[in-house]
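# Observations on the model geometry
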Amino acid sequence: MKHFLDVSDYSPAEIQDMLDLAVRLKAEYFAGGNQPLFKGKVLGLIFQKPSLRTRVSFDMAMRHMGGDALYLSPNEIGLGKRESIADIARVMSGYVQAMMARVFDHAHVVELAKWSAVPVINGLSDYSHPCQAMADALTIIEKFGAMKGLNVTYVGDGNNVAVSLMHIAVMLGANFTIANPEGYDMPAPALEIGTRLASGGAKITYLRDPFAAVKDAHVIYTDTWTSMGQEEETAKREAVFPPYQVNQKLVSAARKDVIVMHCLPAHRNHELTDDVADGEHSVIFPQAHNRLHAQKAVLARLFEVA
Ligand code: CP
Ligand code: NVA
């Protein structure tokens, strides 16, 4: 049985297949609705952190396809506190047909998957955000036709979103460039995986200068400077990251047809200025909406129904 913990657990062909399915399911949804392929299936949604997009898009994905979802808030389940993760996994496996978990510690979603008899989906951990990466790739493909040969630039913290974006970009043949301040690099193991995945010809470039990084970029991507769980570092980070703000000046240094992406929630006029977020290059809302369609495809593959 397969889980969906990281895009790098899959082959490029499997990721492309899920993205192709997402395109078909999206078209089907807008042409009158999806087939009830998830009938009789319930997805358990386990959250240790807040969420808008992940919670609502997974719930709606299940409903649109004839299934159901059950939301479990941080206060209810007490992952690893009230009860061990191994026990929760084995109990939940008898109630639901798949689980999505948003956790602080990546090891906890891995542990959940280890003990679960049903597929487990990583709905964001401190290490990665694979569901976001699927929606990001879908959005980029909709705009440019394919990922191959594109220049995808991430400006900001080398966080969970950056890691998954790097992995999916190079898996699908895009060059990935990141510019971030010293001390906020992506974790070395993530970079090693990225380098291995990029062996197909894509390039990974690590820079400090955001202007050099966005030169020739088809995509400029940013995310919050302070991720959930890092709140006590906010003041320190707010002092370091301003040169990495995605603003009109930075966007003007990229290609004319560049798209600006952000996984949201955005901290407007911090990592992303209002004029860019709401400007002609921004795809932040279609990107958020694509969570729904990309996750339907992931679920369909895990349920083996499409
Ligand atoms: N992008 C994203 O995962 O948003 P939420 O935190 O609102 O789920
Ligand atoms: N990097 C952010 C993403 C939120 C969707 C966080 O982990 O808080």
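Residues numbered from 1 in each chain as written. Chains lettered and ligands numbered in written order. Predicted model: local features only at pLDDT ≥ 70, side-chain atom pairs only at ≥ 80, totals over all residues. Heavy atoms only, no water.

### Examining the overall build of the protein chain
Of regular secondary structure, the protein chain possesses 13 helices and 9 strands. Taking 306 residues into account, the globule formula puts the C-alpha radius of gyration at 19 Å, and the protein chain, at 19 Å, falls close to it. Each principal axis of the C-alpha distribution contributes one length, and for the protein chain these read about 55 × 45 × 35 Å. For the protein chain, buried positions account for 55% of its 306 residues. Long-range contacts, defined as pairs at least 24 residues apart, comprise 75% of the intrachain contacts of the protein chain with a sequence gap of at least 6. Taken as a whole, the protein chain presents about 12500 Å² of accessible surface, with 54% of it coming from carbon and sulfur. In the protein chain, 29 side chains carry a positive charge and 34 a negative one; their mean positions are 4 Å apart. (Helix = DSSP H or I, 4+ residues; strand = E, 2+ residues; numbered from the N terminus. Rg over C-alpha atoms; globule rule 2.2 N^0.38 Å. Buried < 20%, exposed > 50% of the residue type's maximum accessible area, 1.4 Å probe, protein only. Contact = heavy atoms within 4.5 Å. Areas by Shrake-Rupley, 256 points an atom, 1.4 Å probe, with all protein chains shown as cover. Lys, Arg positive; Asp, Glu negative; His and termini not counted. Charge placed at Lys NZ, Arg CZ, Asp CG, Glu CD.)

### Some remarks on the site of ligand 1
All residues adjacent to ligand 1 are Ser51, Leu52, Arg53, Thr54, Arg102, His129, Gln132, Cys263, Leu264 and Arg291. In this structure, an oxygen atom belonging to ligand 1 sits 2.6 Å away from a side-chain N or O atom of Ser51. With respect to ligand 1, the side chain of Arg53 contributes an N or O atom lying 2.8 Å from an oxygen atom. Alone, ligand 1 offers 250 Å² of accessible surface; in the complex the protein occludes 96% of this. (Near = heavy atom within 4 Å. Polar contact = N/O pair within 3.5 Å; in protein donor to acceptor, adjacent residues only side chain to side chain.)

### Some details on the site of ligand 2
For ligand 2, the full set of nearby residues is Leu124, Asn159, Asn160, Val161, Asp223, Thr224, Ser227, Met228 and Leu264. At 2.7 Å from a nitrogen atom of ligand 2 is found a side-chain nitrogen or oxygen belonging to Asp223. Between ligand 2 and the protein, one listed contact pairs a nitrogen atom with a side-chain N or O atom of Ser227 at 2.7 Å. Its residues assigned to classes, the shell around ligand 2 comprises 4 nonpolar, 4 polar and 1 charged. (Nonpolar A, V, L, I, M, F, W, Y, C, P; charged D, E, K, R; others polar.)

### Section: the layout of surface pockets
To find the voids left in a structure, one rolls a probe of water-molecule size over its atoms. Space inside the largest pocket adds up to approximately 330 Å³. Contributing elements (two or more residues each) for the lining of the largest pocket: α2 (53-64) and α7 (160-171). Of the residues in the lining of the largest pocket, the class split is 8 nonpolar, 9 polar and 6 charged. (1 Å grid on protein atoms, 1.4 Å probe; cavity = no way out; pocket = protein on both sides within 12 Å on 5 of 7 lines; lining within 4 Å. Points joined across faces, edges and corners; volume = space filled by probe spheres on them.)

### Focus on the sheet that holds strand β1 (residues 42-47)
A sheet is described by the order of its strands in space; here 4 strands give the open sequence β2-β1-β3-β4, paired in parallel fashion. Each end of this open sheet is capped by a strand with a single partner; those strands are β2 (68-72) and β4 (120-122). Mean inter-strand twist for the sheet, computed between neighbouring axes without regard to direction, equals 20°. Across 5 bridges, β1 lies against strand β3 (residues 98-102) in parallel orientation. Within the sheet, the bridge partner assigned to Leu45 lies in β3 and is Met100. (Pairing = 2+ DSSP bridges. Axes fitted to C-alpha atoms, helices over the stretch in contact; angles between N-to-C directions.)

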